[in-house]
Amino acid sequence: AHTAAAGAPSEGWDLTGNLAAMPFPEMLQSLNQNRKTGVLRLNTRFGMGEVYLQSGEVHHATFAGIADGPEAVYLLVAIEEGAFDFRGGIQPPVRTVNSNVMALLLEATRQKDTTQALLAAAARRAQA
């Protein structure tokens, strides 16, 4: 079992932690292996991401109003800092992702350098 980071978990959330301790790809694989249904929220300096799972597979993902579907997952894989929480039993509102978790993570890894460069540029624009 994974222990949550210091600090009480958010009310009603099953699992909370830090991306530095539990990277998003590992979290996603764990939820997939355990066939979880619910929403994984990632709170990052770029904004909030939400990944909805049904029986361990990603059905919908959205990120900070920037991207939905697989692209949102690729962005979230590229972000290595932030906090997460998972709440079980929540159904995906829509289906925007049809790839399985392994395929999503492979593609996210392939695009990671490009995605991180895009995020860095977005952060610089935000600070300007």
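Residues numbered from 1 in each chain as written. Predicted model: local features only at pLDDT ≥ 70, side-chain atom pairs only at ≥ 80, totals over all residues. Heavy atoms only, no water.

Participant: I keep staring at the pattern of salt bridges and nothing clicks. Help me out?
Facilitator: Under the definition given, this model contains three salt bridges. For K112, the salt bridge is made with E80, and the minimal N-O distance between the two is 2.8 Å. In this pair, K112 is assigned in helix α3 (residues 101-127) and E80 in the loop between α2 (70-78) and β6 (83-88), connecting sequence segments 32 residues apart. Of the charged contacts in the structure, one is a salt bridge between E107 and R110, with a shortest N-O distance of 2.7 Å. Placement of the pair is E107 and R110 together in helix α3, with a separation of three residues, close to one helical turn. (Salt bridge = Lys/Arg side-chain N within 4 Å of Asp/Glu carboxyl O. Helix = DSSP H or I, 4+ residues; strand = E, 2+ residues; numbered from the N terminus.)

Participant: Would you mind going over the packing of helix α1 (residues 24-33) against α2 with me for this structure?
Facilitator: Helix packing geometry: the angle between the two helix axes and the distance between the axes. The interhelical angle for the contact between α1 and α2, taken along N-to-C directions, is 125 degrees, at an axis separation of 8 Å. Considering their axes alone, α1 and α2 lie oblique with respect to each other. On α2, the residues touching F24, P25 and L28 of α1 are V73, L76 and V77. (Axes fitted to C-alpha atoms, helices over the stretch in contact; angles between N-to-C directions. Parallel < 35°, antiparallel > 145°, perpendicular 65-115°, else oblique. Contact = heavy atoms within 4.5 Å.)

Participant: I tried to follow unusual backbone geometry on my own but got confused; where do I start?
Facilitator: Leaving glycine aside, a negative phi is the common case for residues, and trans is the common case for peptide bonds. Even without being glycine, R35 reaches a positive phi, approximately 50 degrees. Along the chain, R35 falls in the loop between α1 and β2 (38-44). With a phi angle near 50 degrees, A64 is a residue other than glycine that sits in the positive phi range. Within the element layout of this structure, A64 appears in the loop between β4 (57-63) and β5 (67-68). Given the relative accessible area of 36%, A64 is considered partly exposed. (Buried < 20%, exposed > 50% of the residue type's maximum accessible area, 1.4 Å probe, protein only.)

Participant: Can you walk me through the environment of R35 in this structure?
Facilitator: Under the relative-accessibility criterion, R35 is labelled exposed at 58%. Apart from residues lying up to four places away in sequence, R35 is in contact with S55 and G56.

Participant: What exactly am I supposed to notice about the packing of α2 against α3 here?
Facilitator: At a minimum axis distance of 7 Å, the contact between α2 and α3 shows a crossing angle of 70 degrees. When the axis of α2 is compared with that of α3, the two are roughly perpendicular. When the axes of α2 and α3 are compared, the crossing they make is right-handed. Contacts from P70, V73, Y74, L75, V77 and A78 of α2 reach α3 at L104, L105, E107, A108, Q111, K112, T115, Q116 and L119. Split by residue class, the contact of α2 with α3 holds 10 nonpolar, three polar and two charged. (Left-handed = near helix turned anticlockwise from the far one by under 90°. Nonpolar A, V, L, I, M, F, W, Y, C, P; charged D, E, K, R; others polar.)

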